[in-house]
Amino acid sequence: MNSEPQNSGLVAVPLAQFTGYFLWLGTVGFGGPIALAGRMQQDLVDARSWVSREDYVEGLALAQLAPGPLAAQLAMYLGYVRAGILGATLVGAAFVLPSFLMVLALSAAYMRFGGLNWMQAVFYGIGAAVIAIIARSAHKLTKLTLRKEALLWGIFLVLAVSTAWTSREIISLVVAGGVINLAVKAIPRRKPALANLLFPLGLALPSTGPVLQVFLFFAKAGLFVFGSGLAIVPFLYGGVVEGHHWLNDRQFVDAVAVAMITPGPVVITVAFIGYVVAGITGATAAALGVFLPVYLMVVLLAPSYKRWAKNPQLNAFVRGVTAAATGAIAGSVIVLARRSIYDWPTLLIALVALGVLFKWKVPEPLVIALAAVAGLILRTHTL
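Notes on the structure in this doc start here. What you see is a predicted model; the values in this text were computed from it and never measured.

## Observations concerning helix 14 (residues 312–340)
Part 1 of the argument: For helix 14, which comprises 29 residues, the first-to-last C-alpha distance of 42 Å matches the rise-based estimate of 42 Å (1.5 Å per residue) to within 8%.
Part 2 of the argument: Here helix 14 lies mainly inside the structure; 22 of its 29 residues are buried.

Take a look at the structure:
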């Protein structure tokens, strides 16, 4: 891959300046994956002409097809187009680093002051608002991914009910959703090769030591983020709370909240979980684990992307998996609501936040901040 853009009309900038843009975006980029992807188009394609429209569209399509957080994957792909593996590596690190450091600081404060009444009151309000944000995101995803296709709605409902009932995202059902949609819509002559990408043998090997366990668990989790960064939430709940018992219910909701109030990818919530388990080392292992599959997808698939991107079998499989992941997000709303909405003040905060999100385009961090203030006021008066 050449280090300079070859498309006529593009502005050639040093790799350091190109990487610096993603460091800046990772520092100030709120609004979720779709907003971040739109910001990249506005800045890099329309305003600065650093990236061609064709490269951007292809990168966005790859990010939607392959598992992994969409915004981070798109950023890495654009880095790959700009300067090969080095570009993907530098851009990926620059985009994730700011939010990782912010989550690290918030995690340290949470662990130190989490027992204080004022912090408990803050997260009392935030936890209820998080439920509203996830519910709103699930609604948007259903409109975006399911449309009026009865089969996809069926897959969605099965995962929504199973996740709400078992408090776990059942991965076999997620994969089955892809296989069923593939069989009905594309009818392949042989089994899809994508399954080989989803289940590397190394991730199924037994692990020893908490840091290695954290890394392997989140590497596996990174393979099942389809449709939205929030798709990782139901998967994480089953493993982190129900399986490994690394966090309790309250801490898990707080972990999701921390990701909501920081810029960059939502999946950075894993750093909070890793910190609770094993401090800075655990946070680093969790972040590396969840982003490593994304990075490998880009550097391994990008060179041959144009050959397989329009494959009908692959697209059918991914659409089925995305419908299943969206159902799991919807089911996780019920699971997490049981833990976060348990009295009239939290119910009120959740309903008001949901109404605000549906009626106005209010930034999610602002909703979180207002919920924190409400929690502080309400909890202070009820203590």
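## As for the environment of Val45
Part 1 of the argument: In this fold, Val45 is placed in helix 2 (residues 33–47).
Part 2 of the argument: Sequence separation between Val45 and Asp55 is 10 residues, and the spatial gap between their C-alpha atoms is 9.3 Å.
Part 3 of the argument: The residues touching Val45, leaving out its near neighbours within four places in the chain, are Met40, Val51, Ser52, Arg53 and Tyr56.

## What about the packing of helix 9 (residues 210–221) against helix 10 (residues 232–243)?
Part 1 of the argument: Where helix 9 contacts helix 10, the axes come no closer than 10 Å and their chain directions differ by 150 degrees. By the criterion of interaxial angle, the relationship of helix 9 to helix 10 is roughly antiparallel. Between helix 9 and helix 10 lies a crossing of right-handed hand. Contacts between helix 9 and helix 10 involve Phe217, Phe218, Lys220 and Ala221 from the first element and Ile232, Phe235, Leu236, Gly239 and Val240 from the second.
Part 2 of the argument: Of the residues belonging to the contact of helix 9 with helix 10, the class tally is seven nonpolar, one polar and one charged.

## A closer look at the packing of aromatic side chains
Part 1 of the argument: Evaluated as defined, the whole model comprises 13 aromatic pairs.
Part 2 of the argument: Ring geometry for Tyr110 and Phe272: centres 5.1 Å apart, planes at 65 degrees, overall edge-to-face. Placement of the pair is Tyr110 in helix 4 (residues 70–113) and Phe272 in helix 12 (residues 269–301), with a sequence separation of 162 residues.
Part 3 of the argument: Residue classification places Phe272 among the buried residues on the basis of a relative accessible area of 0%.
Part 4 of the argument: Of the aromatic side chains, those joined through ring pairs into one cluster are Phe18, Tyr21, Phe22, Trp24 and Trp50.
Part 5 of the argument: One Lys or Arg, Arg48, reaches over the ring of Trp50 and ends 5.0 Å from the middle of that ring.
Part 6 of the argument: Directly above the ring of Phe358 sits Arg136, whose terminal nitrogen or CZ lies 4.6 Å from the centroid.

Cut-off values and rules
- Residues numbered from 1 in each chain as written.
- Predicted model: local features only at pLDDT ≥ 70, side-chain atom pairs only at ≥ 80, totals over all residues.
- Heavy atoms only, no water.
- Helix = DSSP H or I, 4+ residues; strand = E, 2+ residues; numbered from the N terminus.
- Expected span 1.5 Å × (residues − 1).
- Buried < 20%, exposed > 50% of the residue type's maximum accessible area, 1.4 Å probe, protein only.
- Contact = heavy atoms within 4.5 Å.
- Axes fitted to C-alpha atoms, helices over the stretch in contact; angles between N-to-C directions.
- Parallel < 35°, antiparallel > 145°, perpendicular 65-115°, else oblique.
- Left-handed = near helix turned anticlockwise from the far one by under 90°.
- Nonpolar A, V, L, I, M, F, W, Y, C, P; charged D, E, K, R; others polar.
- Phe/Tyr/Trp six-rings, centres within 6.5 Å; stacked < 30°, edge-to-face > 60°.
- Lys NZ or Arg CZ within 6 Å of the ring centre and 35° of its normal.

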